[in-house]
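If you want the building blocks of each chain, they are given just below.
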Amino acid sequence: MNPVTESQNYKNLTSTTTVYTGTGGLLGIFVASTSGGTLKVNDGANTMVNTFTPVAATFYALPGRFNTSLVVTVTGTLDCTVFWN
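Residues numbered from 1 in each chain as written. Predicted model: local features only at pLDDT ≥ 70, side-chain atom pairs only at ≥ 80, totals over all residues. Heavy atoms only, no water.

### Section: the overall build of the chain
Looking only at helices and strands, the chain has 0 helices and 8 strands in total. Each helix and strand of the chain, ordered N terminal to C terminal, gives the series β-β-β-β-β-β-β-β. The dimensions of the chain, computed from C-alpha atoms along their principal axes, are 40 × 25 × 15 Å. Sorting the 85 residues of the chain into buried and exposed places 39% on the buried side. Of all intrachain contacts in the chain linking residues separated by at least 6 positions in sequence, the fraction that spans at least 24 positions is 75%. Summing over all exposed atoms, the chain offers an accessible surface of approximately 4,500 Å²; the carbon and sulfur share of this is 52%. (Helix = DSSP H or I, 4+ residues; strand = E, 2+ residues; numbered from the N terminus. Buried < 20%, exposed > 50% of the residue type's maximum accessible area, 1.4 Å probe, protein only. Contact = heavy atoms within 4.5 Å. Areas by Shrake-Rupley, 256 points an atom, 1.4 Å probe, with all protein chains shown as cover.)

Below you can see the structure in the form of structure tokens.
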């Protein structure tokens with residue numbers, strides 16, 4: 001198993017997205033802006049990080065491995081960037 005590193009792929013999103021399909025490592029999520037939005041992170045159908053209300057201009061370190069796919073559920077108004085490898 002490869003370690004999670006700080007050199008990552010990234011994807012900016014504003015709605016629920018399957019960020020990556022396959023095995024990989026999540027570094028974290030930077031929330032650029034939000035007005036009451038929430039985030040949830042799944043490995044396919046399995047919850048990695050349950051629903052939370054993030055604060056704008058904040059990076060959330062969420063190091064962890066996913067096996068099936070990296071799915072980020074966004075509700076409300078939220079703009080974030082997901083970093084993974």
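That was the structure; now back to the text.
### With respect to the pairing of strand 5 (residues 46-52)
Where strand 4 (residues 38-43) and strand 5 come together, 4 bridges link them in antiparallel fashion. If you follow Asp 43 over to strand 5, its bridge partner there is Asn 46. The turn linking strand 4 back onto strand 5 is made up of 2 residues, and Gly 44 within it adopts a positive phi angle of 65 degrees. (Pairing = 2+ DSSP bridges.)

### As for the sheet that holds strand 7 (residues 69-75)
Judged by pairing direction, the sheet is antiparallel, and its 4 strands sit side by side in the order 2-7-4-5 without closing on themselves. Only two strands of the sheet have a single neighbouring strand rather than two, namely strand 2 (17-21) and strand 5. Across the sheet, the axes of successive neighbouring strands diverge by a mean angle of 10 degrees, strand direction being ignored. In the sheet, strand 2 pairs with strand 7 via 4 bridges, with the strands oriented antiparallel. Note that in strand 7 the partner of Thr 17 across the bridge is Val 72. (Axes fitted to C-alpha atoms, helices over the stretch in contact; angles between N-to-C directions.)

### Focus on the environment of Thr 18
Secondary-structure assignment places Thr 18 in strand 2. Of the residues examined, Thr 18 reaches a relative accessible area of 43% and is grouped as partly exposed. Separated by 53 residues in sequence, Thr 18 and Val 71 have C-alpha atoms that sit 4.3 Å apart. The residues contacting Thr 18, other than those within four sequence positions of it, are Ser 69, Leu 70 and Val 71.

### Here's the deal with the packing of aromatic side chains
Per the counting criterion, the structure on display carries 4 aromatic pairs. The interplanar angle of 70 degrees and the centroid separation of 6.2 Å between the aromatic rings of Tyr 20 and Phe 66 together place this pair among those described as edge-to-face. Placement of the pair is Tyr 20 in strand 2 and Phe 66 in strand 6 (residues 58-66), with a sequence separation of 46 residues. Note on Phe 66: relative accessible area 0%, which makes it buried. (Phe/Tyr/Trp six-rings, centres within 6.5 Å; stacked < 30°, edge-to-face > 60°.)

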